[in-house]
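# Notes for the structure review
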Amino acid sequence: MTLPIAERGYVHPGVLVSTDWTAEHLNDPSVRIVESNEDPLLYPSRHIPGAVQVDWTHDLNDPVRRDYLKKAGFEALMSRIGVTPETMVVFYGDKNNWWATYAYWVFQLFGHSNAKIMDGGRAKWEKEGRPMDRIVPEYPATIYHAPDRDDHKIRAFRDQVLKHVEAGRPLVDVRSPAEYTGEKLHMPEYPQEGALRGGHIPGAKNVPWARAVNPEDGTFKTAEELRQIYEHEQGLDPNGDIIAYCRIGERSSHTWFVLTNLLGFSNVRNYDGSWTEWGNLVDVPIEK
Amino acid sequence: MSEIPAKLAEVVTDIESISDRFERQEILIETADRFDGVRVPESVAAKPYPEERRVPACESDAFVWAVDQPDGTLKFYFDVLNPQGLSAMAMSVILGETLDGAPLEQVAKVPTDIVFKLFGKEISMGKGAGLMGIISMVQNEAKKRL
């Protein structure tokens, strides 16, 4: 039996909403429900009534450079989905909210702090037999004035990661153990995942991202269970300077969300270049 | 396209020609709806499935089987354990509906890049790798018999 969100001991429990809460706010004009998925066919197949889609590839990335959208693009996106700076944005998605937390993280680069994750994501909503439809809603366009994207607090770049490694500061590699050891890149017939070298950034702890959720319903584990994993088992300091990474920064945004919002870690950055950058860089240290 | 089995080539050409992303998604969703037609029967495999049937890199827990036919060709069956793995289901249906009876030499050479012709170049790296993994498994079953 999963405890109610308020009873799980999170430092910032207000970043989560339950499926019950979401169901009660489907027609709330101050709330915009946003689906963000790994599988692009899911939203058009059916979704929570009134929900809009924010697609990682189409909506959040620059189409040319490997980077996220900039201020003007974010303003246009928010206008298109009918969001103002005051709108509460509730994200949900597939794979235990993997891509929902990624979208949430990108929104934080633009300071849209009135944002939540629906605990349990799409799978929990579906399992509970709640309503879904195929109607793609249209909301009146808004005027949204965003600040310039602020990368320095929650995003890490490769040169910063290199200095971080040299200083012996902690990193969390949230990929699977086979990716962490580099074994995966050497599997025969295995599709290459965009990196020339396998392994991990020296000193990184391996904590696969999905350990933070209850496998039966996709909800987040309690603060005590999460502390057991990240603080006691891995020895991460809540006040430490920590960088999380995976392959392209999507899974590590989930861990960033857990550490920052649920456990209250004060200084966690997501290295979105991740292994597809580090595993291709010339002359950077790699551990196996 | 001459190396690709004829039925598969036809499907790839049809879907690739749809320039509207949403229309293409609709076709792929309809395709995924036919997944029961290619789902592995209990006479072939029962859960828990052996790990060697698992598609590497597929986040939707996809599995592939090939059953030898009297004429020397293969019949392919699939399962996708993640009920939200619609793309994996659509990929499985496309392969399952088009490769039965195809020459093994052609099946062994089905190019993995048809994933991008079917789903578009903008799918995520992980999703692309998973879908290509399904094709790789199918290729390997044919290669093993050549």
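Residues numbered from 1 in each chain as written. Chains lettered and ligands numbered in written order. Predicted model: local features only at pLDDT ≥ 70, side-chain atom pairs only at ≥ 80, totals over all residues. Heavy atoms only, no water.

## Here's the deal with the domain arrangement of chain A
Think of interface size as the accessible area that goes away when the parts come together; that is how it is often given. All names here are of chain A. What the domain assignment lists for chain A is domain 1 (5-127) and domain 2 (158-278). Here the C-alpha centroids of domain 1 and domain 2 sit 22 Å apart. Counting residues at the interface gives 25 residues for domain 1, matched by 33 residues for domain 2. Approximately 2,300 Å² of surface area, both sides summed, lies buried where domain 1 meets domain 2, with 63% of it carried by carbon and sulfur atoms. At the junction of domain 1 with domain 2, the criterion picks out 0 salt bridges. On inspection of domain 1 and its partner domain 2, the count reaches 14 residue pairs in polar contact (both at pLDDT 80 or more). (Domains from an automatic or database assignment. Contact = heavy atoms within 4.5 Å. Buried area = accessible area lost by both parts, 1.4 Å probe. Salt bridge = Lys/Arg side-chain N within 4 Å of Asp/Glu carboxyl O. Polar contact = N/O pair within 3.5 Å; in protein donor to acceptor, adjacent residues only side chain to side chain.)

## Brief notes about the pattern of salt bridges
By the definition in use, this model includes 37 salt bridges over all chains. With its nearest N and O atoms 2.6 Å apart, the salt bridge here joins Arg130(A) to Glu128(A). Across the pair Asp79(B) and Arg39(B) runs a salt bridge, and its minimum N-O distance is 3.0 Å. Of the two residues, Asp79(B) is situated in strand S2 (residues 74-80) and Arg39(B) in the loop between helix H2 (21-32) and strand S1 (62-68); the sequence distance between them amounts to 40 residues. Connected through salt bridges with shared partners, the residues Asp67(A), Lys70(A), Arg149(A), Asp151(A), Arg155(A) and Asp272(A) form a single ionic network. (Helix = DSSP H or I, 4+ residues; strand = E, 2+ residues; numbered from the N terminus.)

## Re the interface of chain B and chain A
With 27 residues of chain B at the interface, the matching set in chain A holds 24 residues. The contact between chain B and chain A buries some 2,300 Å² in all, and 57% of this surface belongs to carbon and sulfur atoms. There are 4 salt bridges connecting chain B and chain A. Arg134(A) serves as the salt-bridge partner of Glu26(B), at 2.7 Å between the closest nitrogen and oxygen.

## Here's the deal with the environment of Val80(B)
Residue and element names in this part refer to chain B. With respect to the secondary-structure elements, valine 80 resides in strand S2. Looking at valine 80, the relative accessible area reads 4%, which means it is buried. When the C-alpha positions of valine 80 and isoleucine 123 are compared, they lie 19 Å apart, and in sequence the two are 43 residues distant. Apart from the residues within four sequence positions on either side, valine 80 is in contact with Phe35, Ser60, Asp61, Ala62, Gly85, Ala88, Met89 and Ser92. (Buried < 20%, exposed > 50% of the residue type's maximum accessible area, 1.4 Å probe, protein only.)

## Concerning unusual backbone geometry
The amide bond that connects Lys47(B) to the next residue, Pro48(B), takes the cis arrangement and shows omega of -5 degrees. By secondary structure assignment, the location of Pro48(B) is in the loop between H2 and S1. Phi is positive for Ser274(A), which is not a glycine, with a value near 45 degrees. Positionally, Ser274(A) belongs in helix H11 (residues 274-278). One non-glycine residue, Asp283(A), lies in the positive phi region at around 65 degrees. Residue position: Asp283(A) is located in the segment after H11.

## Section: the sheet that holds strand S7 (residues 205-206) of chain A
For sheets, the rule is that strands pair by backbone hydrogen bonds, running either parallel or antiparallel. Residue and element names in this part refer to chain A. Here 4 strands make up an open sheet; going across it, the order is S7-S6-S8-S9 and the pairing parallel. In this open sheet, the two edge strands, each paired with only one partner strand, are S7 and strand S9 (268-271). With 3 bridges connecting them, strand S6 (residues 171-173) and strand S8 (residues 242-245) associate as parallel partners. Bridge pairing in S8 places leucine 171 opposite isoleucine 243. The sheet contacts of helix H7 (residues 158-166) involve S6, S8 and S9, and relative to S9 the element is tilted by about 125 degrees. Running at roughly 175 degrees to S9, helix H10 (residues 250-262) makes contact with S8 and S9 of the sheet. (Pairing = 2+ DSSP bridges. Axes fitted to C-alpha atoms, helices over the stretch in contact; angles between N-to-C directions.)

## Considerations on the packing of helix H3 (residues 86-98) of chain B against helix H6 (residues 125-144) of chain B
The geometry of a pair of packed helices is captured by two quantities: the angle between their axes and the separation between those axes. All names here are of chain B. Between H3 and H6, the least distance of the axes is 10 Å, while the angle of their chain directions is 30 degrees. Considering their axes alone, H3 and H6 lie roughly parallel with respect to each other. The two elements H3 and H6 meet at a crossing, and its hand is right-handed. In this structure, H3 uses Ser87, Ala88, Met91, Ser92 and Leu95 to contact H6, whose residues at the interface are Lys127, Leu131, Ile134, Ile135 and Val138. When the residues that make up the contact of H3 with H6 are grouped by side-chain class, the tally is 7 nonpolar, 2 polar and 1 charged. (Parallel < 35°, antiparallel > 145°, perpendicular 65-115°, else oblique. Left-handed = near helix turned anticlockwise from the far one by under 90°. Nonpolar A, V, L, I, M, F, W, Y, C, P; charged D, E, K, R; others polar.)

## Notes on the packing of H2(B) against H3(B)
Residues and elements named next belong to chain B. Relative orientation of the contacting elements H2 and H3 amounts to 75 degrees, with a least axis distance of 8 Å. Compared by their axis directions, H2 and H3 come out roughly perpendicular. On H3, the residues touching Leu28, Thr31 and Ala32 of H2 are Leu86, Met89, Ala90, Val93 and Ile94. A breakdown of the residues in the contact of H2 with H3 according to their chemical character gives 7 nonpolar, 1 polar and no charged.

## Quick word on the pairing of strand S2 (residues 31-35) of chain A
Residue and element names in this part refer to chain A. Burial analysis of S2 places 5 of its 5 residues in the buried class, the great majority of the element. Residue alternation in S2 divides its side chains into two sets, Val31, Ile33 and Glu35 and Arg32 and Val34, and both sets are buried. In terms of strand pairing, S2 meets strand S3 (residues 52-53) through 2 bridges, oriented parallel. Counterpart to glutamate 35 in the pairing with S3 is glutamine 53.

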